[in-house]
Amino acid sequence: MPEPVRVRFAPSPTGYLHIGGARTALFNFLFARHHGGTFILRIEDTDRTRYQEGALQEIFESLRWLGLPWDEGPEVGGPFGPYFQSERLEIYRRHAADLVARGAAYRCFCTPERLDQVRKEQEKAKVTTKYDRRCRALSQGEERKLLDAGTPHVVRLRVPDGRAVMFDDLIRGEIVYQSDVLDDLVLLKSDGYPTYHLANVVDDHLMRITHVLRGDEWIASTPRHILLYEAFGWAPPVFAHMPVILSPDGGKLSKRKGAASVTDYRRAGYLPQALLNFLAFLGWNPGDEREVMTREEIVHAFGLEKVNPKAAVLDEVKLEWMNHEYMRKLTIDEALALVLPMWKGREFVGAGATAADSYLRAVAAQLKDRSKRLTELADNAAYFFREPGEYEEAAAKKQFKPEAAALLCDLASAVETVAPFDHASLEEKYRALAESRGVGAAKLIHPTRLAVSGLSYGPGLFELMEIIGKDKVVARMRRAAEWIRSQSQKD
RNA sequence: GUCCCCAUCGUCUAGAGGCCUAGGACGUAGCCCUCUCACGGCUAAAACCCGGGUUCGAAUCCCGGUGGGGACGCCA
């Protein structure tokens, strides 16, 4: 019986949840669920200088919003806590001391200034920059003296020479590093906090992590971690390094180029199901031709062997397409619940408006299938709540020629008599009118649409009119006629 | 500078030596449907980075180049 799968997502609370981090979390989640394992959230807050207020809440919220709840971690607990590294300092100190006692690590008293200088000289000489190991050679007496004087020091791993350090990456295959290019990495900082390397290895071991799935910027650290596991006498977990996500220009994804965080996409009106589906397909696919899949279907089909090692560009146009697919899947109630706060924010409706309102339901029903994002649904509903402030320019040029004023007045008078005021009767009226005038119905429909909505596109005209209601529709048509007359006077 | 990773249409990708006349999706163009938009249907243009090898046969394996990315912190 193999060990149960345990994986972790280990962000540090330095800001928002980056979309690349979200994808790493997603793949961890999918891997855990696929194998019936455990998805753990651990907070790597061992750098006191980089802590950002509010970052934790944003990370928690983003993960939950995306649909990636963790089985163990902050706020949910678990048998291997605490899950904040800042609350585990004693554990790291003990392990570092153990390594020093066994000679696998040593104290280094070099000042940051000296290290800087060594590094600069190495850069100038164009050789690999690494610690020159000066404190390895310290005699016991010298060390004693420095210790007694209270000299600040760090603890470094004693990296062996001439070793080939190998690991089998689940996505990339075998990767080998010569230990000679590896540094004597710092394990414990002079402030007593562990470095990422120490905390990470100790926690992964203590928390029984079986698979480490992380971003590929960690590949170069992995051989050092392997050596650390060896120093402790522990078996390392299996590693898999995920490719990065790039922006359309091929560079890093950043705020400056648009959206970079989960929150950015949320604000832009994307649905979590769509973002999750899309992110899963960045570097992975089920091996058949499905693309729109639920979280559960993805969990079922997921496998690390199908993950592509190549960095992927996030194509926002395709994300929009996928989001549109999910907008159409939304029920009217779901769509309304999501868009209602946006309408309130835009003051289209009062703060007291509720989802039970049949007018709002009708608007949402008409618009959700033709909106790519929630924000688009929110914006495109404007004319259902207020008169069009202006008419789409290109369309006005085409539909609002001078003679359209009289036409709209005639149509308005005809519309006034339609009863019941529903889309079927309206359509019947328009078709009859078109026939008696010997023109195509489109000739009547387009100017009416522009008069009523201000736009050249949207839901079926008769449905739209029915929803807005007779009085407002007629008023808008007459107002458009006036507008046309005032325009032709200007000329 | 050293080390490491990566390389199929514009983008996401299928492809595990013959099934490849390289398939799908987004996007683009055209046509159909149609009151517009969206949806849907049909069609088209569009890729194996380059060079060597291995093999009867290579997008697929090996080597070298080139290009892109990453690491080289008392950051994670």
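Above this text you will find the structure in question.
Now for a quick tour of the structure. No experiment lies behind these values; they were computed from the predicted model shown. (Residues numbered from 1 in each chain as written. Chains lettered and ligands numbered in written order. Predicted model: local features only at pLDDT ≥ 70, side-chain atom pairs only at ≥ 80, totals over all residues. Heavy atoms only, no water.)

### Re helix H4 (residues 112-124)
Part 1 of the reasoning: With 13 residues, H4 extends 18 Å from end C-alpha to end C-alpha; this agrees with the ideal 18 Å at 1.5 Å per step.
Part 2 of the reasoning: The positive-phi residue at the C-terminal boundary of H4 is Lys126, with phi of around 55 degrees. (Helix = DSSP H or I, 4+ residues; strand = E, 2+ residues; numbered from the N terminus. Expected span 1.5 Å × (residues − 1).)

### Overview of the sheet that holds strand E4 (residues 154-157)
Two orientations exist for strands paired in a sheet by backbone hydrogen bonds: parallel and antiparallel.
Part 1 of the reasoning: Here we have 3 strands laid out as an open sheet, ordered E3-E4-E7, and antiparallel in their pairing. Single-partner strands in this sheet number two, and they are strand E3 (105-108) and strand E7 (186-188). Each strand axis lies, on average, 40 degrees off the axis of its neighbour in the sheet, ignoring direction.
Part 2 of the reasoning: Of the strands in this sheet, E3, E4 and E7 touch helix H3 (residues 89-101), which is tilted by about 100 degrees from E3. (Pairing = 2+ DSSP bridges. Axes fitted to C-alpha atoms, helices over the stretch in contact; angles between N-to-C directions. Contact = heavy atoms within 4.5 Å.)

### Examining the protein's contact with RNA strand B
Part 1 of the reasoning: As a matter of local geometry, RNA strand B sits amid 59 residues, with Arg172, Lys189, Glu291, Lys310 and His446 nearest to it.
Part 2 of the reasoning: A breakdown of the atoms of RNA strand B within 4 Å of the protein gives sugar and phosphate a share of 74%.
Part 3 of the reasoning: Between RNA strand B and the protein, one listed contact pairs a base oxygen with a backbone N or O atom of Ser190 at 2.7 Å.
Part 4 of the reasoning: Considering each element in turn, the surface near RNA strand B owes the most residues, 5 residues, to helix H11 (residues 316-329).
Part 5 of the reasoning: Split by residue class, the surface near RNA strand B holds 25 nonpolar, 14 polar and 20 charged. (Near = heavy atom within 4 Å. Polar contact = N/O pair within 3.5 Å; in protein donor to acceptor, adjacent residues only side chain to side chain. Nonpolar A, V, L, I, M, F, W, Y, C, P; charged D, E, K, R; others polar.)

### Quick notes on unusual backbone geometry
Part 1 of the reasoning: Across the junction of Gly81 and Pro82, the peptide omega takes the value 0 degrees, indicating a cis bond.
Part 2 of the reasoning: Counting through the fold element by element, Pro82 comes out in the loop between helix H2 (55-66) and H3.
Part 3 of the reasoning: In this model, Ala419 is joined to Pro420 through a cis peptide bond whose omega is -5 degrees.
Part 4 of the reasoning: Along the chain, Pro420 turns up in the loop between helix H17 (404-416) and helix H18 (423-437).
Part 5 of the reasoning: Unusually for a residue other than glycine, Glu75 sits at a positive phi of about 70 degrees.
Part 6 of the reasoning: Its location among the elements puts Glu75 in the loop between H2 and H3.
Part 7 of the reasoning: Although it is not a glycine, Arg208 sits at a positive phi angle of roughly 60 degrees.
Part 8 of the reasoning: Within the secondary structure layout, Arg208 lies in the loop between helix H6 (196-206) and strand E8 (211-215).

### Observations concerning the packing of aromatic side chains
Here the distance between the centres and the angle between the planes together describe a pair of aromatic rings.
Part 1 of the reasoning: In total, this model carries 17 aromatic pairs according to the counting rule given.
Part 2 of the reasoning: Ring centres of Phe29 and Phe39 lie 5.8 Å apart, and the angle between their planes is 90 degrees; this geometry places the pair in the edge-to-face category. Taken together, the residues span a long stretch of sequence, with Phe29 in helix H1 (residues 19-34) and Phe39 in strand E2 (residues 38-41) at a distance of 10 residues.
Part 3 of the reasoning: Note on Phe39: relative accessible area 1%, which makes it buried.
Part 4 of the reasoning: With centroids separated by 5.5 Å and ring planes inclined at 65 degrees, the aromatic side chains of Tyr430 and Phe462 adopt a geometry described as edge-to-face. Within this pair, whereas Tyr430 is found in helix H18, its partner Phe462 is found in helix H20 (residues 461-468), the two being separated by 32 residues in sequence. As far as burial versus exposure is concerned, Tyr430 and Phe462 are alike and both buried.
Part 5 of the reasoning: The lysine or arginine in question, Arg373, covers the ring of Tyr270, its NZ or CZ lying 5.9 Å from the ring centre. (Phe/Tyr/Trp six-rings, centres within 6.5 Å; stacked < 30°, edge-to-face > 60°. Buried < 20%, exposed > 50% of the residue type's maximum accessible area, 1.4 Å probe, protein only. Lys NZ or Arg CZ within 6 Å of the ring centre and 35° of its normal.)

### Observations regarding the nonpolar core
When a protein is soluble and globular, its nonpolar side chains tend to lie buried together.
Part 1 of the reasoning: Of all hydrophobic cores here, the largest spans 113 residues; its most connected members are Trp343, Met465 and Met477.
Part 2 of the reasoning: It is H1 that provides the largest number of residues to this core, a total of 9 residues.
Part 3 of the reasoning: With 38 residues, the next largest nonpolar core counts Phe80, Ile175, Leu198 and Ala231 among its residues. (Core = buried A, V, L, I, M, F, W, Y, C linked by side-chain atoms within 4.5 Å.)

### Overview of H1
Part 1 of the reasoning: Its 16 residues give H1 an end-to-end C-alpha distance of 22 Å, which sits within 8% of 22 Å, the value for a rise of 1.5 Å per residue.
Part 2 of the reasoning: Across the 16 residues that make up H1, a large majority, 13, are buried.

### Concerning the pattern of salt bridges
Oppositely charged side chains are able to pair whenever their charged atoms sit close together.
Part 1 of the reasoning: Taken as a whole and assessed by the stated rule, the structure comprises 32 salt bridges.
Part 2 of the reasoning: Here Arg33 ties to Asp71 by a salt bridge, and the two come within 3.9 Å at their closest N and O atoms. A residue pair is termed long-range when its members are at least 10 positions apart, and Arg33 in helix H1 and Asp71 in the loop between H2 and H3 qualify at 38 residues.
Part 3 of the reasoning: A relative accessible area of 34% places Asp71 in the partly exposed class.
Part 4 of the reasoning: Two residues, Asp184 and Arg133, come together in a salt bridge whose shortest N-O distance is 3.6 Å. Placement of Asp184 in the loop between strand E6 (173-178) and E7 and of Arg133 in the loop between H4 and helix H5 (140-148) is noted, with a sequence separation of 51 residues between them.
Part 5 of the reasoning: By sharing partners, the salt bridges in this structure join Arg8, Arg42, Glu44, Arg88, Asp203 and Asp204 into a single network. (Salt bridge = Lys/Arg side-chain N within 4 Å of Asp/Glu carboxyl O.)

### Focus on the side chain of Asn323
Part 1 of the reasoning: Within the secondary structure layout, Asn323 lies in helix H11.
Part 2 of the reasoning: Apart from residues no more than four positions distant in its own chain, Asn323 is found in contact with Gly269, Tyr270, Leu271, Ala274, Lys372 and Arg373.

### Description of the pairing of E4
Part 1 of the reasoning: Side chains of E4 alternate between two faces, with Val154 and Arg156 and Val155 and Leu157 buried alike.
Part 2 of the reasoning: Both E3 and E4 contribute to a ladder of 4 bridges, which runs antiparallel. If you follow Tyr106 over to E4, its bridge partner there is Arg156.
Part 3 of the reasoning: Here E4 pairs with E7 via 2 bridges, running antiparallel. Residue pairing across strands places Val155 opposite Leu188, the latter belonging to E7.

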